Amino acid sequence: MITLNPVGFAYNKRHQVEDDFWGEVLSRIVIDQSLPEESLNDIESFSHLEIIYYFHKVEKDKLITGARHPRNDITLPKAGIFAQRGKNRPNQLGLASVKLLKKEGRELVVSGLDCINGTPVLDIKPVMKEFLPAGPIEQPAWTNEIMKNYWK
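Residues numbered from 1 in each chain as written. Predicted model: local features only at pLDDT ≥ 70, side-chain atom pairs only at ≥ 80, totals over all residues. Heavy atoms only, no water.

Quick notes on the sheet that holds strand β2 (residues 26-31)
- Strand order around the closed barrel formed by six strands is β1-β2-β7-β6-β3-β8, with antiparallel pairing between neighbours. Ignoring which end each strand starts from, the neighbouring axes of this sheet average 45° apart. (Pairing = 2+ DSSP bridges. Helix = DSSP H or I, 4+ residues; strand = E, 2+ residues; numbered from the N terminus. Axes fitted to C-alpha atoms, helices over the stretch in contact; angles between N-to-C directions.)

What follows is the structure, given as structure tokens:
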């Protein structure tokens, strides 16, 4: 069994799970007191971070292990849970690439973190261009439709 302890928690104005309109949401990630503040040394030299977080409000009986219509929209093709980014995943893990706006002591202020207030943050990694995919990124057309309002 794997045991993970949050490295911190994310706080923002979103208290309900919503699929769209994350573009204006600013989040504050507060690092847990069990970690030294120096764990954030030099983090402000990066423009973007990857945040791994836990979908703590997903009910266990709502987890999807097979395929479903994205956003439960039956006009879209059924896609396996690992072929979409829905929150009802087997391990309830979320991943977001965020813009780091500022560091204030044990806190990071970021934009682009699509989680609700009080979400446990499991890890923080800097975005480095050497880890980004080489070449063009391909995805099915249905993703463009469901994502059209996501970052507005």
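Notes on the packing of aromatic side chains
- Following the criterion strictly, the structure yields two aromatic pairs and no others.
- Judged by centre distance (5.3 Å) and plane angle (75°), the rings of Y53 and F55 are edge-to-face. Comparing Y53 with F55, the two get one shared label, buried.
- Taking 5.0 Å as the distance between ring centres and 80° as the angle between the ring planes, the aromatic pair formed by Y150 and W151 counts as edge-to-face.
- A relative accessible area of 43% places W151 in the partly exposed class.
- Seen from the ring of W22, R14 lies directly overhead, with NZ or CZ sitting 3.9 Å from the centre. (Phe/Tyr/Trp six-rings, centres within 6.5 Å; stacked < 30°, edge-to-face > 60°. Buried < 20%, exposed > 50% of the residue type's maximum accessible area, 1.4 Å probe, protein only. Lys NZ or Arg CZ within 6 Å of the ring centre and 35° of its normal.)

Notes on the side chain of Q92
- Among the structural elements, Q92 can be located in the loop between β5 (79-80) and β6 (93-104).
- Under the relative-accessibility criterion, Q92 is labelled buried at 2%.
- Within the local environment of Q92, its side chain forms a polar contact with the side chain of Y54, the two groups lying 3.3 Å apart.
- Within the structure, Q92 has its side chain in polar contact with the backbone oxygen of V58 (distance 3.4 Å).
- When near neighbours in sequence (up to four residues on either side) are disregarded, Q92 contacts Y53, Y54, F55, V58, K60, L63 and K87. (Polar contact = N/O pair within 3.5 Å; in protein donor to acceptor, adjacent residues only side chain to side chain. Contact = heavy atoms within 4.5 Å.)

Details of the environment of D114
- By the element assignment, D114 lies in the loop between β7 (107-111) and β8 (119-126).
- Distance from D114 to L132, taken between C-alpha atoms, is 20 Å for residues 18 residues apart in sequence.
- In contact with D114, not counting residues within four places along its chain, are W22, Y53, A96, Y150 and W151.
- In this structure the side chain of D114 is engaged in a polar contact, spanning 2.7 Å, whose partner is the side chain of Y53.
- A distance of 2.4 Å separates polar atoms of two side chains, one belonging to D114 and the other to Y150.

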